[in-house]
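Structural overview for review
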Amino acid sequence: MEFIKNLGELLQTRSDFFIELLLQHLMLSLIAIVIITVVGVTTGILISKSKKAASVVIGLTNVLYTIPSIAMFGFFVSITGIGNTTAIIALVIYGLLPVIRNTYVGLIEVDDQILEAAVGMGSTPWQLLSKIQFPLALPVIIAGIRNMVVMTIALAGIASFIGAGGLGVAIWRGITTNFDEMTVAGSLLVALLAFVADGILGVIEKRLLRRTK
Amino acid sequence: MIEFRDVSQQYEAKKPIIRNLSLTVSQGEFVVLIGPSGCGKTTLLKMMNGLIQPDSGEIRIKGKELKAWDPITLKRNIGYVIQQVGLFPHLSIEKNIAYALDIQKAGETVKKQRARELIQLVGLDEDYLPKYPNELSGGQKQRVGIARALAADPEIILMDEPLGAVDQINRGVLQDEIIRIYQTLNKTIVFVTHDIEEAIKLGTKIVVMNQGEIMEVGSRDAIVFHSKSHFADDFIGNKGFLSYLNIVKIEQVVCPFNCSTNGNAAEKEMTLWVRADDPLIVGIRICLENGVNQIGVRDAAGRVVGAFDLSCLSRLKF
């Protein structure tokens, strides 16, 4: 009980500090999310044209995905130094897998009969993709993006270990100074951010599903 | 309209799916391709709009070599209806019907008007336009599939077993619709089926295929009564004959009263009647049931048009 009271007090008295960290965290995640979405969806579309390329690319992202995050951050520090750039690079590499995979799966799982009808009616490859394949794959792609967003926001909490901003700063400070309330406050805010982002995407997903079912 | 000369297509390395095939489809014909599964009928159809390329031989569409056509333009010039309908689930019925116009960048008003015209043509209400494919029954979906193929007003329409997944009752109704559309719009239709009854009912020209080769080509009469190949004879056989009796109308075989030599009752004494638009099988059945050779024929308005006579049937040239 005492702990929760202290936690509330901390959040209140240091609200400026937390808001700034929250905004940094949001910014960091948002940049990574935008890059991941653009790169991931594009890659997913490109590899959907070739099974061979797909297995290579998805295999590769799978391998990257298995590297522990702390090791990944550490590895990039030696290349791009400490700070936000490195954090974003690491976040992008982690986030790519679900987006590439879901885009690819969504696109290739569109019913052959539907594709044949569209091709047989004289769609150009671009029309086939933009008017038929992509809209039909959208629910699966959105599910992948949703997955990635939550993951990226959570993972961005570790970014402060390599000198990036964000709520990880609070967590890190809490751990190093044995200040539990600080650690928990930072963690709670990360969780809250992820939760809200997931909720927003859930609403978007639902709306899209209603149209494409 | 469509011309195949010595066309071959090796689908898999081992068995040739199309072997040295030649076929001409003229303007206004309703050509039905029929044969057992794997005979190459669908492959043949897909060669007509360039979905499958032949390995050798020449294909001409509207007088122009297939290779000279831009593949996209060719497909836009030919309507295409497929087996499982393949409606686009994320588009409304209106957008589905207008898809062919949409990809050719037609204006919104043109698309809307055409969708309204076509949905009525295929016998559905305008209320269906804002609905989505999953709200429609199988038969309704297929009607939309046909409307969609007609959107860009193509001269040639290819149909690949369009009624394969439709139940028996709706199938008959849809067959009648297709005949009506064919007759009103004066299109050239190539239709693939494995249902003999359907082939006999729809085709003005029937192409019997087996193992990538054409076994026989002919009119309904020729295929049922004068097939020259053993295969076509076996394949069409009595089933084809039966559907023939179910389709050909009595008005086509009406003869004068007392036409047969065994001295039948005159018109006045006639007690048994059929309608001119009944199929042959009805007349035959009434004769057999009542042990007579001749019955009277009236038209839809009740006017006497002549007699239906079993012994006269044999004298008709099919």
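As the structure is a prediction and not an experimental result, all values here were calculated from the model. (Residues numbered from 1 in each chain as written. Chains lettered and ligands numbered in written order. Predicted model: local features only at pLDDT ≥ 70, side-chain atom pairs only at ≥ 80, totals over all residues.)

Section: the sheet that holds strand β12 (residues 294-298) of chain B
All names here are of chain B. Stated precisely, the cut-off is as follows: DSSP-based pairing: two strands are paired if at least 2 bridges between them are found. Under the scheme used here, helices are H or I runs from DSSP no shorter than 4 residues and strands are E runs no shorter than 2 residues, and both carry numbers assigned from the N terminus. Note on method: axes are straight lines fitted to C-alpha atoms, helices fitted across the in-contact stretch only, with angles between N-to-C directions ranging 0 to 180 degrees.
Pairing is mixed across the open sheet formed by three strands, whose spatial order is β11-β12-β13. Edge positions in the sheet fall to β11 (273-275) and β13 (304-309), since each of these pairs with one other strand and no more. Each strand axis lies, on average, 35° off the axis of its neighbour in the sheet, ignoring direction. For β12 and β13, the ladder comprises five bridges, and the chain directions are antiparallel. In the sheet register, glutamine 294 faces β13, and the bridge partner there is aspartate 309.

Thoughts on the interface of chain A and chain B
How we decide: Any pair of residues counts as being in contact when their C-beta atoms, constructed from backbone geometry, are within 7 Å of one another. Note on residue categories: nonpolar means Ala, Val, Leu, Ile, Met, Phe, Trp, Tyr, Cys or Pro, charged means Asp, Glu, Lys or Arg, and polar means any other residue, Gly included.
Taken together, the contact between chain A and chain B spans 17 residues of the former and 16 residues of the latter. Ranked by residue count, the leading element in the side of chain A that touches chain B is helix α6 (residues 112-120) of chain A, at six residues. Tallied by class, the residues present in the side of chain A that touches chain B amount to seven nonpolar, seven polar and three charged.

Overview of the confidence of the model for chain B
The following threshold applies: Within a predicted model, pLDDT stands for the predictor's per-residue confidence, ranging from 0 to 100.
For chain B, the average pLDDT comes to 87, and 93% of its residues sit at 70 or higher. Confidence estimates for the predicted assembly give a pTM of 0.81 and an ipTM of 0.79.

As for the environment of B:Val7
Residue and element names in this part refer to chain B. On the secondary structure map, valine 7 appears in strand β1 (residues 2-9). Here the alpha-carbon distance between valine 7 and leucine 23, two residues 16 residues apart in the chain, equals 9.2 Å. Leaving out residues up to four positions away in the same chain, valine 7 has contacts with Ile18, Leu21, Met47, Pro54, Gly57 and Ile59.

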